[in-house]
Amino acid sequence: MDMLSARSADAAASDGQLLVRIARGDQDAVTALYRRLERPLFAFLVKTLRDREAAADVLNETMLDVWRQAGRFEGKSSVATWIYSIAHHKAISWLRKRREVELDEEAVAEVADDAPAADSKIAAEDLSHAIARLMEKLSVDHRIVLQLAYFQEFSVGQIAEILDCPENTVKTRMFYARQRLRALLEAEGIEGAAA
Amino acid sequence: MRHEQHQGPLEPQDVEELLPWYVTGRVSREEARGIEAALKTMPDLAEKLAQVQREREAVARASEAVESAPPETLQRLLQQVETTRQWRVPRIENQEAGSWLKGALGRNALWQAAFATACVVIVALGVRLYNPTTPGEFGVASSINQAGGPTLLVTFQPAATAADIAALLTGLDATIVDGPKPGGAYVVQIPAGQASDAATTALMSHGDLVLTVLPGQ
């Protein structure tokens, strides 16, 4: 098989097929799965960690774990869910090391107190940009659930698997994440915040 | 984890909770029908749905704006892959076959068994000759379970980590009960009723972790 055919075969392979090949020690399959997942997974990690360098490190560690543990994947969840759960676990470990989890709530409180007065800079800013900017000020749990639901488009059940928590916890976190986001928008006097 | 689907009509609170997943099409058909019915009867729900859609667009746009990971991330990964051992627990290929042990006794088993036998003969002589005649000379406590199965004398590859070894032995329901002996061998006990030969072959199929396997006492 020439390189072009091999690449198109990799592109056509399902995540599960690539993982089986990885379990057999196929390094080309690692490259194929990395290329497939890199953009969304890296975006998830950047938004979770708020640090590109750390996100690249965690992405690397996650994919290395996929290589190491591919043979242990039991197919109880989807491949993507499994990989995101590894990435989530590593991201939280990284944050814990930096003590960001403990400090997060304080940071959010400070941010809310320091929010600019209504109409100071909102007029020039589009609502979408404001939401994206204010999302950065949410706690890590809230950022994660918004990311996984809105960008990665995982279901409630899949997010529960990734976070290793009950589905009701996912829904509760989403409720409070949205509530907090609305509060931040309202504090900046942004129209359309209240729903 | 199984998805907990709503039974019966959705309560207004359930409808609102599910809106973030409704906009991405990640609710069940039944839940979608419930939300669509609620949109006709709850006057303020359409505005709430629009709010969720705005949030979703904003999050998606912000995430899409994140540039790719630096190219060296993949290069570094591939370099590490070259030198990183995999867990050799071929469950994916052998799900139908049932047990881990069946998987371990795969295509390479004959070759590995022959190699193992050669190693056993050579190293058995060495270890037995090296074994102290005075019990307890090395101060190692033994916890051999007399009700357990047979024991094997196993030496591991120098680069094998404790975690790798623990995972390997857990997969076989085996435990280290004594050691290290002179020459670095450990006494490994396998479950009662399990044949030593099968366990030896299974252990030797992990050549990246196991150096030699000898019959125990």
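Predicted model, so just to flag it, every value in this text is computed and none were measured. (Residues numbered from 1 in each chain as written. Chains lettered and ligands numbered in written order. Predicted model: local features only at pLDDT ≥ 70, side-chain atom pairs only at ≥ 80, totals over all residues. Heavy atoms only, no water.)

(A) Main features of the confidence of the model for chain B. All names here are of chain B. Here chain B averages 74 in pLDDT, and 66% of its residues register 70 or above. A low-confidence stretch, residues 89–117 stays under pLDDT 50, and its non-local contacts, those more than four residues away or across chains, total 40 contacts. Between residues 119–141, whose pLDDT stays under 50, and residues either more than four places distant or in other chains, the model counts 27 contacts. Scored as a complex, the prediction yields pTM 0.63 and ipTM 0.82. (pLDDT = per-residue confidence, 0-100. Contact = heavy atoms within 4.5 Å.)

(B) View of the environment of N60 of chain A. You can see N60 of chain A is positioned in helix α4 (residues 52–69). By relative accessible area, N60 of chain A is classed as buried at 3%. A C-alpha to C-alpha distance of 9.6 Å links N60 of chain A and A87 of chain A, two positions 27 residues apart in sequence. Once residues lying within four places of it in the same chain are set aside, the contact partners of N60 of chain A are T73, R76, L77 and Q80 of chain B. (Helix = DSSP H or I, 4+ residues; strand = E, 2+ residues; numbered from the N terminus. Buried < 20%, exposed > 50% of the residue type's maximum accessible area, 1.4 Å probe, protein only.)

(C) Quick look at the interface of chain B and chain A. On the side of chain A, 65 residues touch chain B, which itself brings 50 residues to the contact. Across the chain B-chain A interface, the total number found is three salt bridges. Salt-bridge contacts for R76 of chain B lead to D57 of chain A; the nearest nitrogen and oxygen are separated by 3.0 Å. Within the residue set of the side of chain B that touches chain A, elements represented by two or more residues are α1 (12–22), α3 (45–64) and α4 (72–83) of chain B. No other element matches the 14 residues that α3 of chain B contributes to the side of chain B that touches chain A. (Salt bridge = Lys/Arg side-chain N within 4 Å of Asp/Glu carboxyl O.)

(D) Region of interest: α4 of chain B. Residues and elements named next belong to chain B. Helix length check: α4, at 12 residues, gives a terminal C-alpha distance of 17 Å against a target of 16 Å (1.5 Å per residue), a fit within 8%. Every buried residue belonging to α4 is among T73, L74, L77 and V81, and all of these are buried. Projected down its long axis, α4 carries its buried residues within an arc of 95°, all on one side. Across from the buried face of α4, at angles greater than 90 degrees, the exposed residues are Q75, Q79, E82 and T83. (Expected span 1.5 Å × (residues − 1). Arc of directions from axis to C-beta.)

(E) Inspection of the pattern of salt bridges at higher detail. Applying the stated criterion across every chain, the model contains 13 salt bridges over all chains. Between K47 of chain A and E136 of chain A there is a salt bridge, with the nearest N and O atoms lying 3.3 Å from each other. One end of the pair, K47 of chain A, is in helix α3 (residues 27–49); the other, E136 of chain A, is in the loop between α7 (127–135) and α8 (140–151), with 89 residues separating them in the sequence. The class of K47 of chain A is buried, set by a relative accessible area of 13%. E16 of chain B is the partner of K48 of chain B in a salt bridge, and the nearest nitrogen-oxygen pair spans 2.9 Å. In this pair, K48 of chain B sits in helix α3 while E16 of chain B sits in helix α1, placing the two residues 32 residues apart along the sequence. Given a relative accessible area of 29%, E16 of chain B falls into the partly exposed group. Residues joined by salt bridges that share partners form a network here, namely D65, R68 and K90 of chain A.

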